[in-house]
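The primary structure of each chain is shown beneath.
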Amino acid sequence: MTRLNNANLGRLAPEVATPSYDRGAVTPGIVHFGVGGFHRAHQAMYLDALMNRGEALDWGIVGVGVMPGDRRMREVLAAQDHLFTLVIKHPDGRREPRVIGSLVDYLFAPDDPAGVVERLADPAIRIVSLTVTEGGYNFHPVSGEFDLENPDIRHDLAHPEAPKTTFGLIVEGLARRRERGIPPFTLMSCDNIQGNGEVAKETFTAYARARDPELAAWIAAEVAFPNAMVDRITPVTAESDIAELSERFDVEDAWPVVCEPFTQWVLEDRFVAGRPPLEMAGVQLVDDVVPYELMKLRLLNASHQALCYFGTLAGYRYAHEVCRDPLFVDFLLDYMRLEGSPTLAPVPGIDLEDYRLTLIERFANPEVKDTLARLCAESSDRIPKWLVPVIREQLARGGEIRRSAAVVASWARYAEGVDERGEPIAVVDRLREELMAIAAENCIRPTAFIENRELFGDLAEDPRFREAYLSALTSLHEGGSRATLEALVTTRGEA
């Protein structure tokens, strides 16, 4: 078995693609916060593709971990010279392994916050990018207000020289650039949030304003915050993935990444300190990301929520199992066609019907083995951003909302913590205790779940939504998930 590192690249099997460029010639140009599976299967892959073309060698990526759990990523990557294997899983069972070399360093912020800040202040760093998840922006899910009462935020405001958070680190880096007369970098969000660039600008300037209003004004005026739409299904790496890479390709990689063949990145072309020639690697550089962004959030992401709770309740555990069940496929397509798509403006260059059908094919890929548990996790950060806007727009225009309301009901039923076979459900959510306590009242006070204003605002007061939600929740308790979906599919066309 060949251990993955620089010295062994030439010893890997011919089936394993390796960097064709001299990694010693790659210099840092990007600092990335949140080096998880998605970043490594997406942004790092695009940069690696450019480097294989002889481009962007001055745009190497320095990863930064902020959370305690990121320590292991630092250790694994350091032992592998920051190399990792990306394995594309094709539906027919083929595997396409490729060693990615665009990541050149990794810093664990809790051990050396000053080192991270100085790296951010380095003039060579021209882009700072983020995949910190929907919950990483520290704002209220309904009001959108930045949470200045967060204990770590309060610490950073009191001790800006020793920050703990992404906000404290990045803003301190910008403050030092300003003091030293160094131009700012572009702050590029790659998270699944509507208007992710605007959200990043709002939250980072809110933090900066609490620290120093003049610094906040400089950041708002001088830093670019481009919007982006990113897409690639990247399940959590399993032990079986590590073993398969070793057995099939003789590669010893402690933390490879697996993903589907499909990938997309639509990016607003707004940078203050230059950018790599990303269009050469297939990135769509556009003036307006919003149509693409809403398409993904309201069709792909919301459909993930539409399948994961119903699927879990019915006893499924993987997305591909759900999307090989005709009843679930009909429900998903009905949601996308009748509720999600009507809220979208035209998307340049995209055939929405083809996009919808492609989503079903992607979800049904049995090789990816995307778990429903992953899709169900952190729902309180997802439903308010991906599905609630669809419900509100459809209510405003008098459109259909039954399927969307049923998805919310399926989440409420899921949060009861047991499926229809009596098997326990491990609810993973930052609001787990609160949600499960409310869901325990579903049969006593059926509107309790949607009366949570932090998640749903005033939706519970809308008679049409409330009626559709209660109908679905009652059906879930009395007949189960399949009966509920059968009723929704057979009432196609009704509002």
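Note that the coordinates shown come from a computational prediction; the quantities given were computed from them, not determined experimentally. Every chain is numbered independently, its residues counted from 1 as its sequence is written. In keeping with the predicted nature of the model, local features appear solely for residues at pLDDT of at least 70, side-chain atom pairs appear and are counted solely at 80 or more, and the whole-chain, interface and lining totals rest on all residues. Hydrogens and water are ignored here; the side-chain numbers use all heavy atoms of the structure.

J.: I'm lost on the pattern of salt bridges in this one. Help?
T.: Any carboxyl oxygen of Asp or Glu that lies within 4 Å of a side-chain nitrogen of Lys or Arg is treated as forming a salt bridge with it. Within the structure shown, the criterion is met by 37 salt bridges. Measuring nitrogen to oxygen at the nearest pair gives 2.7 Å for the salt bridge that ties Asp241 to Lys89. Here Asp241 is found in helix H9 (residues 239-249), whereas its partner Lys89 is found in strand S4 (residues 84-89), with 152 residues between them in sequence. Comparing Asp241 with Lys89, the two get one shared label, buried. Secondary structure elements are defined from DSSP: runs of H or I of at least 4 residues count as helices, runs of E of at least 2 residues count as strands, and each element is numbered from the N terminus. Partly exposed residues are those whose accessible area sits between 20% and 50% of the maximum for their type, while under 20% is buried and over 50% is exposed, using a 1.4 Å probe and protein chains only.

J.: Got a minute to help me understand the sheet that holds strand S9 (residues 228-231) in this structure?
T.: Strand pairing within a sheet occurs via backbone hydrogen bonds; the two strands may be parallel or antiparallel. By this definition, two strands are paired if DSSP reports at least two bridges between them. Reading across from one edge, S9-S12-S13 is the order of the 3 strands in this open sheet, with mixed pairing throughout. Each end of this open sheet is capped by a strand with a single partner; those strands are S9 and strand S13 (284-286). Direction aside, neighbouring strands of the sheet carry axes that sit 15 degrees apart on average. As paired elements, strand S12 (residues 264-268) and S13 share 3 bridges and run parallel to each other. Fitted lines through C-alpha atoms give the axes, limited to the stretch in contact for helices. The angle between two N-to-C directions lies from 0 to 180 degrees.

J.: I tried to follow the side chain of Arg126 on my own but got confused; where do I start?
T.: Its place among the elements puts Arg126 in the loop between helix H4 (113-121) and strand S7 (127-130). The buried category is assigned to Arg126, whose relative accessible area is 18%. Contact between two residues is taken to exist if any of their heavy atoms lie within 4.5 Å; hydrogens are not considered. Leave out the neighbours within four places in its chain, and Arg126 touches Pro28, Gly29, Asp58, Trp59, Phe185, Thr186 and Ala273.

J.: Just to check I follow, could you spell out helix H13 (residues 352-363) for this structure?
T.: In an α-helix, one turn spans 3.6 residues, which is why side chains three or four residues apart end up on the same side. The first and last C-alpha atoms of H13 sit 16 Å apart over 12 residues, in line with the 16 Å expected at 1.5 Å per residue. For H13, the secondary structure elements touched by its buried residues are S9, helix H10 (290-314), helix H11 (319-322) and helix H12 (326-340). Here a polar contact means two N or O atoms within 3.5 Å. Within protein one must be a hydrogen donor candidate and the other an acceptor candidate, and residues neighboring in sequence count only if both atoms are side-chain atoms. Backbone nitrogen of Glu353 and a side-chain oxygen of the N-cap are separated by 3.0 Å at the start of H13; the cap is Asp351. An expected span of 1.5 Å times one less than the residue number is assigned to each helix.

J.: I tried to follow the packing of aromatic side chains on my own but got confused; where do I start?
T.: Here a ring pair, both rings aromatic, is described through the centre-centre distance and the interplanar angle of the planes. Ring pairs shown here join Phe, Tyr and Trp side chains whose ring centres sit within 6.5 Å, with only the six-membered ring taken for Trp; geometry is labelled stacked below 30 degrees between planes, edge-to-face above 60, and tilted in between. In total, this model carries 11 aromatic pairs according to the counting rule given. Here Phe146 and Phe167 contribute two aromatic rings whose centre-to-centre distance is 5.0 Å and whose plane-to-plane angle is 75 degrees, an arrangement assigned as edge-to-face. Taken together, the residues span a long stretch of sequence, with Phe146 in the loop between S7 and helix H5 (151-158) and Phe167 in helix H6 (residues 166-180) at a distance of 21 residues. Taken as a pair, Phe146 and Phe167 share a single burial class, namely buried. Taken together, the aromatic side chains of Tyr309, Trp411, Tyr414, Phe449 and Phe456 make up a single cluster linked through ring pairs. When the NZ atom of lysine or the CZ atom of arginine is within 6 Å of a ring's centre and also within 35 degrees of its normal, the charge is said to sit over that ring. Above the face of the Trp255 ring, Arg72 is positioned so that its terminal group lies 4.4 Å from the ring centre.

J.: I keep staring at the packing of helix H7 (residues 196-211) against helix H8 (residues 213-222) and nothing clicks. Help me out?
T.: In helix packing, the relevant descriptors are the interaxial angle and the interaxial distance, both defined with respect to the helix axes. H8 packs onto H7 with a crossing angle of 155 degrees between their chain directions and a minimal axis gap of 6 Å. One way to sum up the angle between H7 and H8 is to call them roughly antiparallel. The segment H7 lies against H8, with Lys201, Thr205, Ala208, Arg209 and Arg211 engaging Pro213, Leu215, Ala216, Ile219 and Ala220. In the contact of H7 with H8, the residues fall into 6 nonpolar, 1 polar and 3 charged. Roughly parallel here means an angle under 35 degrees, roughly antiparallel means over 145, roughly perpendicular means 65 to 115, and every remaining angle is called oblique. Amino acids outside the nonpolar list (Ala, Val, Leu, Ile, Met, Phe, Trp, Tyr, Cys, Pro) and the charged list (Asp, Glu, Lys, Arg) are all regarded as polar, and Gly is one of them.

J.: Can you help me understand unusual backbone geometry in this one?
T.: Most peptide bonds adopt trans geometry, and most residues besides glycine take a negative phi value. For Ala56, which is not glycine, the phi dihedral falls at a positive 60 degrees. As for its placement among the helices and strands, Ala56 is situated in the loop between helix H2 (43-52) and strand S3 (60-65).

J.: Could you clarify how one ought to interpret the pairing of strand S5 (residues 95-100) in this entry?
T.: If a strand is regular, its side chains alternate between the two faces of the sheet. Note that S4 and S5 share 6 bridges and pair antiparallel. Bridge assignment links Lys89 to a residue of S5, and that residue is Arg95. Count of turn residues in the S4/S5 antiparallel hairpin: 5 residues, of which Gly93 carries a positive phi of about 95 degrees.

J.: When you look at helix H15 (residues 379-386) in this model, what are you seeing that I'm missing?
T.: The buried count for H15 comes to 8 of 8 residues, which makes it a mostly enclosed element. For H15, the full list of buried residues reads Ser379, Ser380, Asp381, Arg382, Ile383, Pro384, Lys385 and Trp386. Considering only its buried residues, H15 is in contact with H10, helix H14 (372-376), helix H16 (388-397), helix H17 (402-414), helix H18 (432-439) and helix H19 (453-456).

Nothing here speaks to function; it is all geometry.
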